[in-house]
Each structure stands twice: as structure tokens, then as C-alpha cells.
Amino acid sequence: MLDRLTSMEVFAQAVRCGSLSGAARVVGISPTMATKHVNALEDRLGVKLVHRTTRQITLTDAGRRYLDSVEKLLADLARADATAAAERDEVEGVLRVTVPVSFGIREIAPLLPELADLYPRLTIDLGISDAKVDMVAEGWDVAVRIGHNPDDTSVARKLAPCRLLVAAAPSYLAARGIPRTVAALSEHECLSYTLSSHLERGRWRFGKDGRITVPVSGRLRAGNGDILVAAALAGQGVIYQPSFLLGEHLRAGRLVALRLDHPPAEIPGVYAAYPATRRAPAKVRAFIDFMATRFGSPPPWDRDLEFQKS
């Protein structure tokens, strides 16, 4: 009988990597054995967790719900391991962390004083960039990313969910009308983010699986979300960005969330990753545990938003 915990780890890694072969490389087993582990889970549960093709896997509805529980269980086990290891590992030294620009400034930086108080022998070297980094080559201990797309060179842990929302300023909607369908967005000024697979240049994705695509255009494109938020607040167009960027403006009424005929695309969330080639030292575990605890679910930026009540 296959070990259930290993099967859960293989399942979670397969979702993160997008394939069973990628999960096999991360866990250190053969692709055939990885397939057996996922099959064993499905047989035990009596439900189908994933749809498989030769190139990728996608979650079923049952698989999506099961993944949430599995990730929580694995995170709890990781915390238990970290607590035990802390008896012999000190949280000290320099921790090099790379974070996205807007998220790093808004959500990570305000928490660093508290982290410093908890671990007075720890020094944080914070890098801010939206570009993909090579952690090993560039010497980063941890990379925090939105919609993390892991590969077999890193181990990732989810810190918080991340939701996309479509919004516009009241002044823009008064002048141009309120779009009711995703197709109607093609007739509007759309503020495009250039560094996202879901919000790629000239095309926005909708639906849980992101398969509904809509051609969009506008006179402003940028590789930074705050620039697009400033333009949206000025009534320059429709914005499609994560809730951590839009939440405060939605709560204040400066922006209005649009209800369309298809939901925004789902993105994996906020992840912290570290190189798979090394055992995570105490300073890495301490940083990841701290951030995961402070963000929680729902994270601070989603609280009191309307979709939390629906």
C-alpha cells in the first residue's frame, strides 16, 4: 500500500508543476510511481481529482476542494517539522528575499519590523522586482511571487489566496457606460498589465480555468500594477488586477467592481518558494511561517470586500 502522505505531496506538487513528471522530479520518484500515487488517492477517495493530458493536468471541482485541505495539512506538518528543527537551528544571519514591487511595498514591508523584533539576530536583504528570478544563480533564499508557477528547481508554499477583480472609476463608468459582459470589454479602454499570463497584452482571460479569452485594447500598458491603479482612479479605463491592489479603493468608493457574465480567472495565489536543491534553513522556515500566519485566509486585503459576503 502506498504511503498516503507521500501521495498527497505528489498530488499537490503535480498541481503546482502542472504535470506528474514535474511532481516526480520534485519528490524524487519516477513518473510511473507519481501516477500510481495519484491513482491511489483517487481510488481511496472514490472521486476523480484531476483531468490529465500528455502535457498537463487540470483540477476537477473535487480536486480543487481536496487540494485546499491537502495544502493545509502539508503546511501544518511543515510547521511541526520546523518547530522541532528549531531546537537545533537558530534563526540568524542574512536572509535574502525577493518580492514583487507592489505587493512587497504594500504587504511585506509593513510586517518586517515585527519580524525583526521576533528574530533580533536575523538581517533581511529585501529585493523588489516583478521579473522572474533565478534564485540559485542570484543567491536568493526566498522568492515571494503572485500566481507562482513553480518548476522542479524550487519548493513552494502558499501564503495566501489572491483574487483578480475588474473595476473602474465612477467617472469612467458615467462617461462610457457599465460593461455587463466580458465581451463588452472589447469596446472599452482597458488598462493592461504586461507581466501576467492571465492578463497578457491584448487579451484578458476569464472563467475558473481561464479558458474564456477577450481581446482588449487601451492607450496605457504597464509592467506595474500601481501605475495602472493610478490611471484607473483618474478615470482612464477599466482595470483587471489583484484585490490587494484594488481593495482599499473599492471600500472607499473610488473604484467600482464590475459584475460580468463570467468570473475573473483564478490564479494560484501568493507563494513563497525556495531552492529545491537545499534543505530550508531555520531563517527561511521562520520567514515563510511568519508571513503565512500574518496573511491568513481571508488575507487582510480581502476582508470586508463584497465578494467575501457572497
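Residues numbered from 1 in each chain as written. Predicted model: local features only at pLDDT ≥ 70, side-chain atom pairs only at ≥ 80, totals over all residues. Heavy atoms only, no water.

A. Fine view of the environment of Val214. Here Val214 lies in strand β10 (residues 212–215). In this structure the C-alpha to C-alpha distance between Val214 and Ile227, which are 13 residues apart in sequence, comes to 22 Å. Ignoring anything within four residues of it in the chain, the contact list for Val214 reads Val182, Ala183, Leu185, Ser186, Gly202, Arg203, Trp204 and Phe206. (Helix = DSSP H or I, 4+ residues; strand = E, 2+ residues; numbered from the N terminus. Contact = heavy atoms within 4.5 Å.)

B. Just the sheet that holds strand β13 (residues 256–257), in detail. The strand order across the open sheet built from five strands is β11-β8-β12-β7-β13, with neighbouring strands paired in mixed fashion. Across the chains shown, the open sheet's two edge strands, defined by having one partner strand only, are β11 (221–222) and β13. As defined by bridge partners, strand β8 (residues 190–193) adjoins β11 across two bridges and the pair is classed as parallel. In the strand pairing of β11, Tyr193 is matched with Ala222. Strands in contact with helix α9 (residues 225–233) are β8, β11 and β12 (238–242); relative to β8, the strand with the most contacts, it is inclined by about 170 degrees. Of the strands in this sheet, β7 (164–168), β12 and β13 touch helix α10 (residues 243–252), which is tilted by about 120 degrees from β12. (Pairing = 2+ DSSP bridges. Axes fitted to C-alpha atoms, helices over the stretch in contact; angles between N-to-C directions.)

C. The confidence of the model for the chain, seen in detail. Averaged over every residue, the pLDDT of the chain is 88; residues scoring 70 or more account for 92%. Taken element by element, the chain is modelled with least confidence in helix α4 (residues 61–85), mean pLDDT 83, and with most confidence in helix α8 (residues 170–176), mean pLDDT 97. (pLDDT = per-residue confidence, 0-100.)

D. Summary view of the packing of helix α5 (residues 101–108) against α10. Interaxial distance between α5 and α10 falls to 10 Å at its minimum, and their mutual angle equals 55 degrees. Taken together, the axes of α5 and α10 lie oblique to each other. For the pair α5 and α10, the contacting residues are Ser102, Phe103, Arg106 and Glu107 in the first and Phe244, Leu245 and Glu248 in the second. Grouping the amino acids of the contact of α5 with α10 by side-chain chemistry returns three nonpolar, one polar and three charged. (Parallel < 35°, antiparallel > 145°, perpendicular 65-115°, else oblique. Nonpolar A, V, L, I, M, F, W, Y, C, P; charged D, E, K, R; others polar.)

E. Representation of the pattern of salt bridges in the model. Considering all chains together, one arrives at 13 salt bridges under this definition. Across the pair Asp61 and Arg64 runs a salt bridge whose closest N-O atoms are separated by 3.2 Å. Here the residue Asp61 and the residue Arg64 both occupy positions in helix α4, the gap between them amounting to three residues, near one helical turn. A residue is classified by how much of its surface remains accessible, and Arg64, at 25% relative accessible area, is partly exposed. For Asp302, the salt bridge goes to Arg163, with nearest N and O atoms at 3.7 Å. You can see Asp302 sitting in the segment after α11 (282–295) and its partner Arg163 sitting in the loop between β6 (154–160) and β7, a full 139 residues away along the chain. Residue classification places Arg163 among the partly exposed residues on the basis of a relative accessible area of 38%. The network of salt bridges with common partners includes Arg106, Asp226, Glu248 and Arg254. (Salt bridge = Lys/Arg side-chain N within 4 Å of Asp/Glu carboxyl O. Buried < 20%, exposed > 50% of the residue type's maximum accessible area, 1.4 Å probe, protein only.)

F. Region of interest: the sheet that holds strand β14 (residues 270–275). Spatial strand order, β4-β3-β5-β14-β6: five strands in an open sheet with mixed pairing. The open sheet has two edge strands with one neighbour each: β4 (122–128) and β6. Strand-to-strand twist in this sheet, taken as the mean axis angle between neighbours without regard to direction, amounts to 25 degrees. The sheet contact formed by β6 and β14 spans six bridges and is antiparallel. Along β14, the bridge assignment pairs Ala160 with Val270.

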